[in-house]
Amino acid sequence: MIGTKEEHIKYRIEVSKEIFDDAILLATNKSWYSCVNRLFYSSFNLLIALFLKNNLETKTHKGMRIQFNEYFVRTGLFSDDEGKLFSKLYDWRQAGDYTAFINFDEDMVLPVIKEVEEFNKKIEGLLI
């Protein structure tokens, strides 16, 4: 790893914010598939930073979901609803990338944007 752990954490926070801003632009343009993808990756980048801060490693997206639930939801640091939110984002991103005839729409995605924003703020608060 080049750079310090703190530099990597700061970098992931910055990337997450940029990706979340992209999700907002995509939602404004009603690009729901891409918006879902960006929402997932905005949280994913923050979780990478959280894992790094806590000396945890994962090699896959699925592993991230499993370990997030094991180390952060089951311990009570995050609620079951927050664990379900990240799982939903993971599942939606998978479906958007690999499933035919999946239909994301405004009614489905818009409420999740606020949930992701709050989830991301909570993760960031643990990183600062």
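Residues numbered from 1 in each chain as written. Predicted model: local features only at pLDDT ≥ 70, side-chain atom pairs only at ≥ 80, totals over all residues. Heavy atoms only, no water.

### Looking at the packing of helix α2 (residues 32-53) against helix α3 (residues 61-73)
A pair of packed helices is captured by two measures, namely the crossing angle of their axes and the spacing between those axes. Running from amino to carboxyl end, α2 crosses α3 at an angle of 60°, the nearest separation of the two axes being 11 Å. The orientation of α2 with respect to α3, classified from their angle, is oblique. Crossing geometry of α2 relative to α3 is assigned as left-handed. Residues Phe40, Tyr41, Phe44, Leu47, Ile48, Leu50 and Phe51 of α2 form the contact with α3, whose participating residues are His61, Met64, Gln67, Phe68 and Phe72. (Axes fitted to C-alpha atoms, helices over the stretch in contact; angles between N-to-C directions. Helix = DSSP H or I, 4+ residues; strand = E, 2+ residues; numbered from the N terminus. Parallel < 35°, antiparallel > 145°, perpendicular 65-115°, else oblique. Left-handed = near helix turned anticlockwise from the far one by under 90°. Contact = heavy atoms within 4.5 Å.)

### Details of the nonpolar core
Core analysis: the largest hydrophobic core is formed by 38 residues, its most contacted members being Leu39, Phe68, Phe78, Phe86, Val109, Ile123 and Leu127. Of all the elements in the fold, those that place two or more residues in this core are α1 (5-28), α2, α3, α4 (80-98) and α5 (106-127). If one sorts the elements of this core by residue count, α2 sits on top with 12 residues. Ignoring any residue separated from it by four or fewer positions in sequence, one finds phenylalanine 68 in contact with Leu47, Phe51, Val73, Phe78, Glu82, Gly83, Phe86 and Phe119. (Core = buried A, V, L, I, M, F, W, Y, C linked by side-chain atoms within 4.5 Å. Buried < 20%, exposed > 50% of the residue type's maximum accessible area, 1.4 Å probe, protein only.)

### Remarks on the pattern of salt bridges
Throughout the structure, instances matching the rule amount to 7 salt bridges. Residue arginine 65 pairs with aspartate 91 through a salt bridge whose shortest N-O separation is 2.8 Å. With arginine 65 in helix α3 and aspartate 91 in helix α4, the pair connects residues that are 26 residues apart, well separated along the chain. For arginine 65, a relative accessible area of 18% corresponds to the buried category. Its salt-bridge partner being lysine 121, residue glutamate 118 comes within 3.9 Å of it at the nearest N-O pair. (Salt bridge = Lys/Arg side-chain N within 4 Å of Asp/Glu carboxyl O.)

### Considering the packing of aromatic side chains
Taken as a whole and assessed by the stated rule, the structure comprises 14 aromatic pairs. Seen from their ring centres, phenylalanine 40 and phenylalanine 86 are 5.5 Å apart, and the 25° between their planes marks the pair as stacked. Of this pair, phenylalanine 40 sits in helix α2 while phenylalanine 86 sits in helix α4, and the two are 46 residues apart along the sequence. Between the aromatic rings of phenylalanine 78 and phenylalanine 119, the centroid separation amounts to 5.8 Å while the plane-to-plane angle is 65°, which identifies the pairing as edge-to-face. Of this pair, phenylalanine 78 sits in the loop between α3 and α4 while phenylalanine 119 is found in helix α5, placing the two residues 41 residues apart along the sequence. Of the two residues examined, phenylalanine 78 and phenylalanine 119, each falls in the buried class. Its guanidinium or amino end placed over the ring of phenylalanine 78, lysine 122 lies 4.7 Å from that ring's centre, counting from NZ or CZ. (Phe/Tyr/Trp six-rings, centres within 6.5 Å; stacked < 30°, edge-to-face > 60°. Lys NZ or Arg CZ within 6 Å of the ring centre and 35° of its normal.)

Shape descriptors only; they carry no functional weight alone.
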